[in-house]
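Report on the structure
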Amino acid sequence: MDATVSTPRPGGWHRFANPGRFLRLAGRVTPPIAWAGGILTAAGLLWGLFIAPADWQQGEAVRIMYLHVPSAWLASAGYFGLALCALSSLVWRHPLADLAAVEIGPVGAGFAALCLATGSLWGRPTWGTYWVWDARLTSMLVLFFLYLGHIALIRAFDDPERGYRAAAILALIGAVDLPIIHFSVQWWNTLHQGNSISLTSAPKMYIGMLAPLLVSAIGFTLLFAALVLARLSAAVMERRTRALLLAQVRSA
Amino acid sequence: MKRKHRRLLVVLACLAGLGTATGLTLAALRNTIVFFLSPAQVAAKPPGPGQVFRLGGLVVTGSVRHLTQNGHPVNDFTITDGKGSVPVVFAGVLPDLFREGQGIVALGSLRPDGRFVATEVLAKHDANYMPKDVVEALKKNGEWRPSQGEPPPAATWDFGVRTQGANARGAPATQGG
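Residue positions within a chain follow its written sequence, with the count starting from 1. Both sets of labels track the order of writing: A upward for chains, 1 upward for ligands. In keeping with the model being predicted, local features are shown solely for residues with a pLDDT of at least 70 and side-chain atom pairs are shown and tallied solely at 80 or more, while totals for entire chains, interfaces and linings include all residues.

**Digging into the environment of Ser120(A)**
All names here are of chain A. For Ser120, the position within the fold is in helix 3 (residues 95–126). Residues with at least 20 other C-beta atoms within 10 Å of their own are called buried, those with 12 or fewer are called exposed, and the rest are partly exposed. The C-beta atoms themselves are positioned from the backbone. Residue class for Ser120 comes out partly exposed when judged on the 15 C-beta atoms lying within 10 Å of it. With 17 residues separating them along the chain, Ser120 and Leu137 place their C-alpha atoms 9.4 Å apart. Contact between two residues is assigned whenever their backbone-derived C-beta positions fall within 7 Å. Look past the residues within four positions of Ser120 in its chain and what remains in contact with it is Tyr130 and Trp131. A helix here means a DSSP run of H or I that spans at least four residues, while a strand means a run of E at least two residues long, and both kinds are numbered starting from the N terminus.

**As for the domain arrangement of chain B**
When the parts of a complex come together, some accessible area is lost, and that lost area is often taken as the interface size. Once the domains are mapped, chain B shows domain 1 (1–33), domain 2 (39–124) and domain 3 (129–156). Residue ranges labeled as domains rest on an automatic or database domain assignment. Computed from C-alpha coordinates alone, the two centres of domain 1 of chain B and domain 2 of chain B are separated by 42 Å.

**Things to note about the packing of helix 2 (residues 65–92) of chain A against helix 5 (residues 160–174) of chain A**
All names here are of chain A. In this analysis an axis means a line fitted to C-alpha atoms, helices contributing only their contacting stretch, and an angle means the value between N-to-C directions, from 0 to 180 degrees. Between helix 2 and helix 5, whose axes approach to 8 Å, the crossing angle comes to 130°. Relative to helix 5, helix 2 is oriented oblique. Along this stretch, helix 2 crosses helix 5, giving a crossing that reads as left-handed. Residues Tyr79, Leu82, Ala83, Ala86, Leu87, Ser89 and Leu90 of helix 2 lie in contact with helix 5, whose contacting residues are Tyr164, Ala168, Ala171, Leu172 and Gly174. Only Asp, Glu, Lys and Arg are considered charged in this grouping, and only Ala, Val, Leu, Ile, Met, Phe, Trp, Tyr, Cys and Pro are considered nonpolar; every other residue, Gly among them, is considered polar. Tallied by class, residues from the contact of helix 2 with helix 5 come to ten nonpolar, two polar and no charged. Geometric relationships in this document are graded by angle, where less than 35 degrees denotes roughly parallel, more than 145 denotes roughly antiparallel, 65 to 115 denotes roughly perpendicular, and other angles denote oblique. For any helix crossing, the convention is left-handed if the near helix is rotated counterclockwise from the far helix by under a right angle, and right-handed if that rotation is clockwise.

**Describing the nonpolar core**
In terms of nonpolar packing, the biggest core is built from 100 residues, with Ala86(A), Ala101(A) and Ala106(B) touching the most fellow members. With 15 residues, the single largest contributor to this core is helix 7 (residues 207–251) of chain A. Looking at this core, you find at least three residues from each of domain 2 (39–124) and domain 3 (129–156) of chain B. Other than its neighbours up to four places away in sequence, Ala86(A) contacts Ala101(A), Ala168(A), Ala171(A) and Leu172(A). For this analysis, nonpolar core means a set of buried Ala, Val, Leu, Ile, Met, Phe, Trp, Tyr and Cys residues linked through C-beta atoms within 7 Å.

This is the structure in structure tokens:
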């Protein structure tokens with residue numbers, strides 16, 4: 001296997017695919033992103049769990065929202081990132097894109113699992129059931145399984161390049177689930193309620209609940225980014241270490 | 001044409017094909033992926049007696065009665081989607097969010113007399129989130145009655161509900177903390 005990761009020609013946005021430049025940049029931006037994410041997440045959760053008002057219908061159970069909505073958003077956004085990695089791996093053969101796909105998978109799967117678990121716990125007191133097979137819940141479960149399949153597939157081959165290729169195709173095909181998740185509550189009758197926040201209409205939520213939700217969502221997003229950057233840096237360094245050791249063994 | 005441009009075209013063509021195929025499949029399945037039928041759908045194409053399906057709609061205001069049948073308490077209400085309505089009987093515990101004007105989804109089957117016998121009732125809450133004191137203020141002002149449908153948009157009450165008369169209320173934001 002090519003030990004010294006092949007370097008694309010400099011210039012344009014391709015220069016960010018240079019692993020050395022990535023390591024330097026990630027080393028500088030990861031700590032502030034992690035700190036900002038930790039502080040905003042803590043602030044958003046404390047605000048949402050203890051200060052924001054209870055909902056008039058759902059009572060205190062509505063506070064699960066401050067965990068459920070950010071994890072649902074990140075499960076989808078993470079998979080979108082996975083699909084972008086797949087595209088740049090298949091088309092431009094970026095060496096970092098494959099490593100990033102390996103590292104995004106488990107983080108995104110964790111948020112998808114968190115979304116399903118919190119949603120289930122929220123459903124019991126409000127709807128009266130932990131689970132129903134409606135379009136929104138089912139498509140989110142499918143996304144979780146797509147993550148699991150991707151995690152397994154990308155690690156399944158002795159030759160990592162073959163795993164990268166197969167997993168990239170799976171990630172791109174699975175991306176059709178993302179619009180289905182988003183629009184499921186509009187296209188079909190579902191038990192899950194419609195979107196409270198959208199780009200095209202005013203939020204259907206009291207501002208004192210909306211604000212902590214946004215803070216929490218931004219905080220979790222930064223944490224997600226910091227986690228992926230740290231994992232990716234570690235993966236690049238691991239690759240370099242292995243290359244150095246191999247070179248030593250060969251020269252000895 | 002460079003090789004990476006050709007790869008990009010191939011990937012985009014595959015994605016376009018896949019997207020179209022998925023879209024057509026979902027459009028074809030449109031009527032079978034529904035989680036519940038609305039009263040209008042039931043009226044147009046009634047499922048046979050004894051066939052179990054889910055029925056969803058809003059609880060009609062003033063229709064909820066708590067009866068006793070054979071010594072057992074039974075909930076009796078009507079659900080509507082604005083176009084049709086179906087009477088429902090349910091001998092079980094209603095969810096906390098059950099109220100007049102609330103959306104619900106009931107599992108059960110139609111009796112020959114057209115009444116829907118439910119074995120399970122789930123509450124379907126809407127996408128509106130608001131604190132209790134705002135709801136109380138809106139109700140007091142006569143701006144919204146929860147049994148009559150969707151609340152007014154959040155932008156109209158986010159920074160306090162304007163009250164008529166002397167007993168001016170503070171903004172709910174201060175009470176929310």
